[in-house]
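A look at the structure
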Amino acid sequence: MNEIIDIKKTFWKKQALIYKDKDKFKNSVIKDQEIIAFIGALIMTIVFSYDTIQIKNIMGYIYIISLNMCICLSSMTTIISIRTIVLVNSLPYEKTEELMDTIEIHKSKYYFGWLHPFNLMQLTILTLFTTHSLLIYLEYGIIELIITIPFIIITLVYVMYDNIISYKTRFNITNDILLN
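All values reported here derive from a predicted model rather than from experimental measurement. Position labels on residues start from 1 in each chain and follow its written sequence. Only residues with pLDDT of 70 or above have their local features reported here, since the model is predicted, and side-chain atom pairs are shown and tallied only from 80 upward, although totals for entire chains, interfaces and linings are computed over all residues. Hydrogens and waters are ignored; side-chain quantities use all the structure's heavy atoms.

With respect to the overall build of the protein
Along its length, the protein carries 6 helices and 0 strands. Under the scheme used here, helices are H or I runs from DSSP no shorter than 4 residues and strands are E runs no shorter than 2 residues, and both carry numbers assigned from the N terminus. Along the protein, helices (α) and strands (β) appear in the sequence α-α-α-α-α-α when read from the amino end. Buried, partly exposed and exposed residues are distinguished by accessible area as a fraction of the type maximum, computed with a 1.4 Å probe on protein chains only: under 20%, between the cut-offs, and over 50%, respectively. Put simply, the protein has 180 residues, and 37% of those count as buried. Put simply, the protein shows about 11400 Å² of open surface, and 67% of that area lies on carbon and sulfur atoms. For the area figures, the Shrake-Rupley method with a 1.4 Å probe applies, and any residue is considered shielded solely by the protein chains shown.

In C-alpha cells:
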C-alpha cells in the first residue's frame, strides 16, 4: 500500500474511494437518494391520508402538531433528496465526489450536517409512529392505545435498530475495502 488512507474521511469521500469507476459512484449516490426520496414521499402520503379530528383537549393539539411535524419532515426528506439527485445529474460524473463533499462541508459549517436525508428519514419515522399513537388514543381511547403500544414499540425499535445496523455495516465494509 503506497498511500496512507485516512479512515476519518466524510461519508461520501469514503464511498467514492471504494468505487474504481466514477460513473458507478455517481449512480450509487443517485440510487441512495432515490430510495430516501421514495420513503419520504411514501410517509407523506400516509400522513396526508390520516383523518383530521375535532380538537377537544390538549392531546388534540399535540396530535395536530405531530401531524404537521411529520408532514414537514417527510417533505424535507423528499425535497433534499430530489435536489441532491438534480445536482448530481447536472454535473459530469467526475464532479460527483466534489459536489457531495462540498454539500457535506457547507451543511456542517452551518450546523445543519445532521439534516442529511437519512437522518431526516429516521426522524420522520419516529414522528409518524408518534402521530399514529396519538390518533389511536384520540379516536379509540387509552385501552386501545395500551393494547397497540407493544406492537408500535417493537416495530419502531426494530426499524431504528435495523437502520443503525445497516449504516454501521456499510461503514465497516467501506473501511475494510479501504484498508485492503
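Observations concerning helix H5 (residues 117-140)
Expected span of a helix: the number of residues minus one, times 1.5 Å. Between its first and last C-alpha atoms H5 spans 34 Å; for 24 residues at 1.5 Å apiece the expected length is 34 Å, and the two agree. Positive phi appears at Gly-141, one or two residues downstream of H5, with a value of about 120 degrees.

What to know about the environment of Thr-78
With respect to the helices and strands, the residue Thr-78 is situated in helix H3 (residues 58-89). When the C-alpha atoms of Thr-78 and Leu-120 are compared, they prove to be 9.4 Å apart, with 42 residues separating the residues in sequence. In what follows, residue pairs with any heavy atoms lying within 4.5 Å of each other are defined as contacts. Once residues within four sequence positions are removed from consideration, Thr-78 is found in contact with Ala-37, Gly-40, Ala-41 and Met-44. Think of a polar contact as two N or O atoms within 3.5 Å of one another; within protein, one of them needs to be a possible hydrogen donor and the other a possible acceptor, and neighboring residues in sequence only count if both atoms come from side chains. At 2.9 Å, the side chain of Thr-78 forms a polar contact with the backbone oxygen of Ser-74.

Some points on the nonpolar core
Put simply, a nonpolar core is a bunch of buried Ala, Val, Leu, Ile, Met, Phe, Trp, Tyr and Cys residues held in one set by side-chain atoms that sit within 4.5 Å of each other. If you look at the biggest cluster of nonpolar residues, it comprises 21 residues, and the most contacted ones within it are Ile-43, Val-47, Tyr-50, Tyr-63, Leu-67, Ile-125 and Leu-128. Counting residues per element, the ones that place at least two in this core are helix H2 (22-48), H3, H5 and helix H6 (142-179). When residues in this core are grouped by element, the largest group, 8 residues, is from H5. Among all residues touching Leu-67, those that are not within four sequence positions of it are Val-47, Tyr-50 and Thr-131. One finds Ala-16, Ile-30, Val-88 and Phe-171 within the second-largest nonpolar core, a separate group that totals 11 residues.

Digging into the packing of helix H1 (residues 11-18) against H2
The relative placement of two packed helices comes down to the angle between their axes together with the axis-to-axis distance. Here, axes are lines fitted to C-alpha atoms. For helices the fit covers the stretch in contact, and angles between N-to-C directions go from 0 to 180 degrees. One way to put it is that H1 packs onto H2 with a least axis distance of 9 Å and a crossing angle of 135 degrees. Classified by the angle their axes make, H1 and H2 are oblique. Considering the relative orientation of H1 and H2, their crossing is right-handed. Residues Trp-12, Gln-15 and Ala-16 of H1 form the contact with H2, whose participating residues are Phe-25, Val-29, Asp-32 and Gln-33. Here the word oblique covers every angle except those under 35 degrees (roughly parallel), over 145 (roughly antiparallel) and from 65 to 115 (roughly perpendicular). Handedness of a crossing is defined here by the sense of rotation of the near helix relative to the far one, left-handed for an anticlockwise turn of less than a right angle and right-handed for a clockwise turn.

Structural notes on the side chain of Gln-33
Locating Gln-33 in the fold gives a position in helix H2. Here Ser-81 takes part through its side chain, which lies 3.4 Å from a polar atom of the side chain of Gln-33. The contacts of Gln-33, once residues within four sequence positions are left out, are Trp-12, Ser-81, Thr-84, Ile-85, His-116 and Pro-117.

Looking at the packing of H2 against H5
Packing of H2 against H5 leaves a shortest axis separation of 10 Å and a crossing angle of 20 degrees. Taken together, the axis directions place H2 and H5 in an arrangement best described as roughly parallel. By crossing handedness, the relation of H2 to H5 is classed as left-handed. Listed contacts from H5 to Gln-33, Ile-36, Ile-39, Ile-43, Ile-46 and Val-47 of H2 are Pro-117, Phe-118, Met-121, Thr-124, Ile-125 and Leu-128. Basically, the charged four are Asp, Glu, Lys and Arg, the nonpolar ten are Ala, Val, Leu, Ile, Met, Phe, Trp, Tyr, Cys and Pro, and anything else, Gly included, counts as polar. Grouping the amino acids of the contact of H2 with H5 by side-chain chemistry returns 10 nonpolar, 2 polar and no charged.

Structural notes on the packing of aromatic side chains
For any pair of aromatic rings, the description consists of the separation of the ring centres together with the inter-plane angle of the planes. Only rings of Phe, Tyr and Trp enter the pairing, Trp through its six-membered ring, and a pair is recorded when the two centres are within 6.5 Å. The plane angle decides the type: under 30 degrees is stacked, over 60 is edge-to-face, the rest tilted. Counted by the stated rule, this structure contains 1 aromatic pair. Pairing Tyr-19 with Phe-25 gives two aromatic rings, centres 6.1 Å apart and planes at 50 degrees, and the pair type is tilted.

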